[in-house]
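So you can see what is in the structure, the chains are spelled out below.
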Amino acid sequence: MADKPVRATVALAGNPNAGKTTVFNNLTGGRQHVGNWPGVTVEKKEGTSKYEGYVFTVVDLPGTYSLTAYSLEEVIVRDFIASEKPDVVVDVVDASNIERNLYLTTQLMELGVPIVVALNMMDVAEGREVQIDLELLSELLGLPVVPMVGLRNRGTDELKRVIVSAIRGEAHFRDVHVNYGRETEEEIAKLEQAIQAEERVSREFMGRYSSRWLAVKLLEEDERVEKDILSNCEPGCELFRQLSDSRRHLLSIFGDDIETVVVDMRYGFVSGVVREAVKRKRDEALTTSDRIDNVLTNRILGFPFFAFFMWLMFFLTFFLGKFPMHWIDRLMRGLANLINSNLASPEWLRSLLVDGVVGGVGAVLVFLPQIFIIFICISILEDTGYMARAAFIMDRIMHWLGLHGKSFIPMVMGFGCNVPAVMATRTLESDKDRMITILVNPLMSCTARLPVYALFTAAFFAANQGTVTFSLYLLGVILAVAMAKLFRKFLFPGESEPFVMELPPYRWPTLKGTLVHMWDRGSLFLRKAGTVILAGSVVIWLLSYLPPGVKYGSASSAAGMIGRALEPLVKPLGFEWRAVVALLFGFVAKEIVVSTYGALLGVGADRTAISAGLQQIFTPLTAYCFMAFTLLYTPCLATVAVIRKETGSWKWAAFTIAYSLALAWLVAFIIYRVGLLFGLGR
Amino acid sequence: MSASGLIPLGFMRPGESGVLAEIRGLRHHDHDGTGAGHAGPKITYKRGHLHHSDRGHRLVHRLNHMGLIPGARVMVMRNNAPGPVIVAVKDTRLCLGRGVANKVMVRPGAGVEGSPAREES
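The structure presented is a predicted model; accordingly, all values stated were derived computationally and were not measured.

**As for the overall build of chain A**
In step 1: Within chain A one finds 30 helices and nine strands.
In step 2: For chain A, the C-alpha atoms occupy an extent of roughly 90 × 55 × 55 Å along the three principal directions.
In step 3: By residue count, 53% of the 682 residues in chain A fall in the buried class.
In step 4: Sequence separation of at least 24 residues holds for 73% of the intrachain contacts in chain A that already meet a minimum separation of 6.

Right, here's the structure in full:
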């Protein structure tokens, strides 16, 4: 055997929620996020895997039900397979839902690439007493079939072995394709000939696609294939004429649109395979998932359960988070004391470390436990499959906003972090729905706002901290709803895309999966603390320390000068100059608002001291206005960047910055003025 | 129930089942706007003209690819009218918005157990 590893590309395709990402993680040892709602993998991901002198580049493609040109994901999958020509395509099939899953297999087969069927979730199928004759299935499909239980990492080695044998040309392949019936097959044959005869078309496409695939797609009236092919031949060409003839002929026979006939035939083929190779001991019994759904999606009980789960999420976050928060708080204070007592000079270095670094980063790190808990909760909601039910329950309310239930998933994810939430909007089919969901997402209060609420509520609303914090979350949700309604009316008029979504069966979340998921998202916060927040804290320290000789963090420091110059803008909201500096830096990351106050008040990470300092410059009313402003104003840099990426234009990123800033100012102004009217100024 | 014996999925109660007959209002290219279906195939598109971008057509095919095809046996699991519906098609549970559920026409009660393929084919 050669010493040099042989490189090969393996693509993973399959239905949404069939477990592709789990198989991907098993193959590559990766830690890509796995959820239990259709569409978790919104872009293709790559990893590497080794086996017997082979190094595979494994590509996890988005889940699709089909390979039409109707959705972006489907186009991504078929373009990748056609242009990149992977050595093997692993078709991940959910054994517990084999019939629907094999429908995609029939289409992959037509692309003319070597396919290995990874028959995943065998345990679930066995649990439902579904018996699959693997050998017969393989024979009928003409493809190698590997049974797997992805969640328990069973079957991975066998899959690698079969992939290698497929690359070596040793695996069992038989040329099987769906027979579309005599009349259709005749037209397919004629079209294939016409395609091959058209010189430009065959030169452009035949390397990538088989003529049969192209012919079937033309009959199916596939937008993209039709556009690509017909733009490569003259309007009166033979292919064009043949296509017209074939369609007219088939329509006169079937009296139905041809795509429907093609779909029927594929299902017919799958149905035949399943009838032969799959035996069910009990038929269509109510599954455990159905029984749980009888309660959780119940017309009357569904909503209270949903509200309870949301309440539980926040209760756990604030209640359980309190304890480790105190420990970190104590640790930070200890650290500051340690530096103070051991490092007397130079004064600037002591100040940089205590006020800048410990004060800035420490003030934010205290909130790490709460952030991790909220991510665990969101992870559990996703992994159990409950998130999809939440979409079902909320559909009616979302409908009223001109959106549908599926838009609700990114909204809940926004409570964790707006960045993955904005990316999760890719599962929405309609561009308009997606734009609205993206634009209002920053109004969902993410974990970065928590430190600000925690600090201010502790200082001003110690008796009812929970209620005040809850009111801010609610304010965010209400405004998101209102803005969605406005955007639908004025920016993206029209009806929302019809609501169609698969409900995955409930699954127990695995401890490993939940922890990995929590760590992946939570560690971003840690990294942010070590980079952006650290840098921001040092800059704020510098601005508070300079010019030399000035009292640290005073109005005559550089920070003070900036703040005072812009103070007139926030004066009508009852804020003073420090608020300007805090909000200005909070644009980088909202946690920095807290660090800034630590620095500007000259008290570092000592939360009691910050509280005392804040009480000098805010009243409960202005404190509440400030929290509302922090919630609503300009999303952080990372969110702006992801909005720009997902909408594909700076225009919408700039629009989000502008509208949220205006909204924040207006809402804070109204709260302040109304509060004053009611005599809440003191 | 209509004269054809078909009933929209959205009107069925939980536990009721039947065979999907058609997905209404969207099935055919309605060239002349009369709803009469095909007046004959019209292939009048020019280069690059996207003649299939109409939502109805896309919806029908999305539903087809998810397993909702004529002849498939369906069972309503949950009907939160005027909210969405959960329908079982084989081992799949699909959540359909009210608008969609009312376009899916079902022949109640009938059907061949275990065969999702087109009845008439």
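**Let's talk about the overall build of chain B**
In step 1: Counting secondary structure elements, chain B contains two helices and six strands.
In step 2: Ordered by position from N to C terminus, the α and β elements of chain B give β-β-α-β-β-β-α-β.
In step 3: Taken over 121 residues, chain B has a buried fraction of 45%.
In step 4: The contacts in chain B between residues at least 6 apart in sequence include a share of 71% that link residues at least 24 apart.

**Points about the environment of Leu 20 of chain B**
Residues and elements named next belong to chain B.
In step 1: As for its position among the elements, Leu 20 is in strand β2 (residues 17-23).
In step 2: Residue Leu 20 is classed as buried on the basis of its C-beta count, with 26 C-beta atoms lying within 10 Å.
In step 3: Sequence separation between Leu 20 and Lys 90 is 70 residues, and the spatial gap between their C-alpha atoms is 12 Å.
In step 4: Here Leu 20 is in contact with Leu 68, Ile 69, Pro 70, Gly 71, Ala 72, Val 74, Val 104 and Val 106, once residues within four sequence places are set aside.

**Let's talk about the packing of helix α21 (residues 450-460) of chain A against helix α28 (residues 620-632) of chain A**
Residue and element names in this part refer to chain A.
In step 1: Where α21 meets α28, the axes come as close as 10 Å, and the angle between the chain directions of the two elements is 170°. It follows from the interaxial angle that α21 and α28 lie roughly antiparallel. Seen from α21, the contacting residues are Val 452, Tyr 453, Phe 456, Ala 459 and Phe 460; seen from α28, they are Pro 620, Ala 623, Phe 626, Met 627 and Thr 630.
In step 2: Looking at side-chain class alone, the contact of α21 with α28 contains nine nonpolar, one polar and no charged residues.

**Some thoughts on the environment of Val 295 of chain A**
Residues and elements named next belong to chain A.
In step 1: By the element assignment, Val 295 lies in helix α13 (residues 288-296).
In step 2: Exposure remark for Val 295: the 10 C-beta atoms within 10 Å place this residue in the exposed category.
In step 3: C-alpha separation for the pair Val 295 and Gly 47, spaced 248 residues apart in sequence, amounts to 40 Å.

**Quick look at the sheet that holds strand β2 (residues 45-51) of chain A**
Residues and elements named next belong to chain A.
In step 1: Read across the open sheet, the six strands follow the order β2-β3-β1-β4-β5-β7; overall the sheet is mixed. Both edges of this open sheet fall to β2 and β7 (145-147), since each of them pairs with a single strand only. Neighbour-to-neighbour, the strand axes of the sheet open up by a mean angle of 25°, direction not taken into account.
In step 2: As paired elements, strand β1 (residues 6-14) and strand β3 (residues 54-60) share seven bridges and run parallel to each other. When the sheet's bridge partners are listed, Val 6 is paired in β3 with Tyr 54.

**Remarks on the sheet that holds strand β1 (residues 7-8) of chain B**
In step 1: With antiparallel pairing, seven strands are arranged side by side in an open sheet as β9(A)-β5(B)-β4(B)-β3(B)-β2(B)-β6(B)-β1(B). Each edge of the sheet is formed by a strand with only one pairing partner; in this case those strands are β9 (500-502) of chain A together with β1 of chain B.
In step 2: In terms of strand pairing, β9 of chain A meets strand β5 (residues 92-96) of chain B through three bridges, oriented antiparallel. Along β5 of chain B, the bridge assignment pairs Val 500 of chain A with Leu 96 of chain B.

**Things to note about the pairing of strand β4 (residues 88-94) of chain A**
Within a regular strand, the side chains alternate between the two sheet faces.
Residues and elements named next belong to chain A.
In step 1: The buried fraction of β4 amounts to seven of the seven residues, a majority that puts the element mostly inside the structure.
In step 2: Here β4 shows no split at all, with Val 88, Val 90, Val 92 and Asp 94 on one side and Val 89, Asp 91 and Val 93 on the other all buried.
In step 3: Relative to β4, β1 runs parallel, the two sharing five bridges. If you follow Gly 14 over to β4, its bridge partner there is Val 92.
In step 4: For β4 and strand β5 (residues 115-120), the ladder comprises six bridges, and the chain directions are parallel. Bridged to Asp 91 within β5 is Val 117.
In step 5: Read from β4 through helix α3 (residues 98-110) to β5, the crossover connection turns out right-handed.

**Topic: the nonpolar core**
In step 1: With 229 residues, the main nonpolar core has Val 116 and Ala 118 of chain A together with Val 87 of chain B as its most contacted residues.
In step 2: Looking at which element gives the most residues to this core, the answer is helix α12 (residues 258-277) of chain A, with 11 residues.
In step 3: Excluding its chain neighbours within four sequence positions, the residues that come into contact with Val 116 of chain A are Val 88, Val 90, Leu 143, Pro 144, Val 146, Val 162, Ile 163 and Ala 166 of chain A.

**Some words on the packing of helix α14 (residues 302-342) of chain A against helix α15 (residues 347-365) of chain A**
Residues and elements named next belong to chain A.
In step 1: Running from amino to carboxyl end, α14 crosses α15 at an angle of 175°, the nearest separation of the two axes being 10 Å. Overall, the two elements α14 and α15 adopt an arrangement that is roughly antiparallel. Where α14 abuts α15, its residues Ile 328, Met 332, Leu 335, Ala 336, Ile 339 and Asn 340 lie against Arg 350, Leu 353, Val 354, Val 358, Gly 362 and Leu 365.
In step 2: A per-class count over the contact of α14 with α15 returns nine nonpolar, two polar and one charged.

**Some remarks on unusual backbone geometry**
In step 1: That bond from Leu 546 of chain A to Pro 547 of chain A is cis: its omega, -10°, falls within 30 degrees of zero.
In step 2: Across the junction of Ala 81 of chain B and Pro 82 of chain B, the peptide omega takes the value 0°, indicating a cis bond.
In step 3: Along the chain, Pro 82 of chain B falls in the loop between β3 (73-79) and β4 (85-89).
In step 4: In this model, Met 121 of chain A sits at a positive phi of 60°, which is unusual for a non-glycine residue.
In step 5: Its place among the elements puts Met 121 of chain A in the loop between β5 and α4 (122-127).

**Let's talk about the confidence of the model for chain B**
Residue and element names in this part refer to chain B.
In step 1: With 62% of its residues at a pLDDT of 70 or more, chain B shows a mean pLDDT of 71.
In step 2: Mean pLDDT across the secondary structure elements of chain B bottoms out at helix α1 (residues 55-65), with 80, and peaks at β4, with 93.
In step 3: With pLDDT under 50 throughout, residues 111-121 is counted as low confidence; its partners more than four residues away or in other chains account for 27 contacts.
In step 4: Reported confidences for the modelled complex are a pTM of 0.79 and an ipTM of 0.79.

**What to know about helix α29 (residues 637-647) of chain A**
All names here are of chain A.
In step 1: Taken together, the buried positions of α29 are Thr 639, Val 640, Val 642, Ile 643, Glu 646 and Thr 647. One face of α29 carries all of its buried residues, which in axial projection span an arc of 165°. Pointing more than 90 degrees away from the buried face of α29 are the exposed residues Leu 637 and Lys 645.
In step 2: In the core, the buried residues of α29 are packed alongside α19 (418-424), α20 (431-440) and α30 (650-677).

Rules of the game
Residues numbered from 1 in each chain as written. Chains lettered and ligands numbered in written order. Predicted model: local features only at pLDDT ≥ 70, side-chain atom pairs only at ≥ 80, totals over all residues. Helix = DSSP H or I, 4+ residues; strand = E, 2+ residues; numbered from the N terminus. Buried ≥ 20, exposed ≤ 12 C-beta atoms within 10 Å, placed from the backbone. Contact = placed C-beta atoms within 7 Å. Axes fitted to C-alpha atoms, helices over the stretch in contact; angles between N-to-C directions. Parallel < 35°, antiparallel > 145°, perpendicular 65-115°, else oblique. Nonpolar A, V, L, I, M, F, W, Y, C, P; charged D, E, K, R; others polar. Pairing = 2+ DSSP bridges. Right-handed = clockwise from strand over helix to strand, strands pointing away. Core = buried A, V, L, I, M, F, W, Y, C linked by C-beta atoms within 7 Å. pLDDT = per-residue confidence, 0-100. Arc of directions from axis to C-beta.

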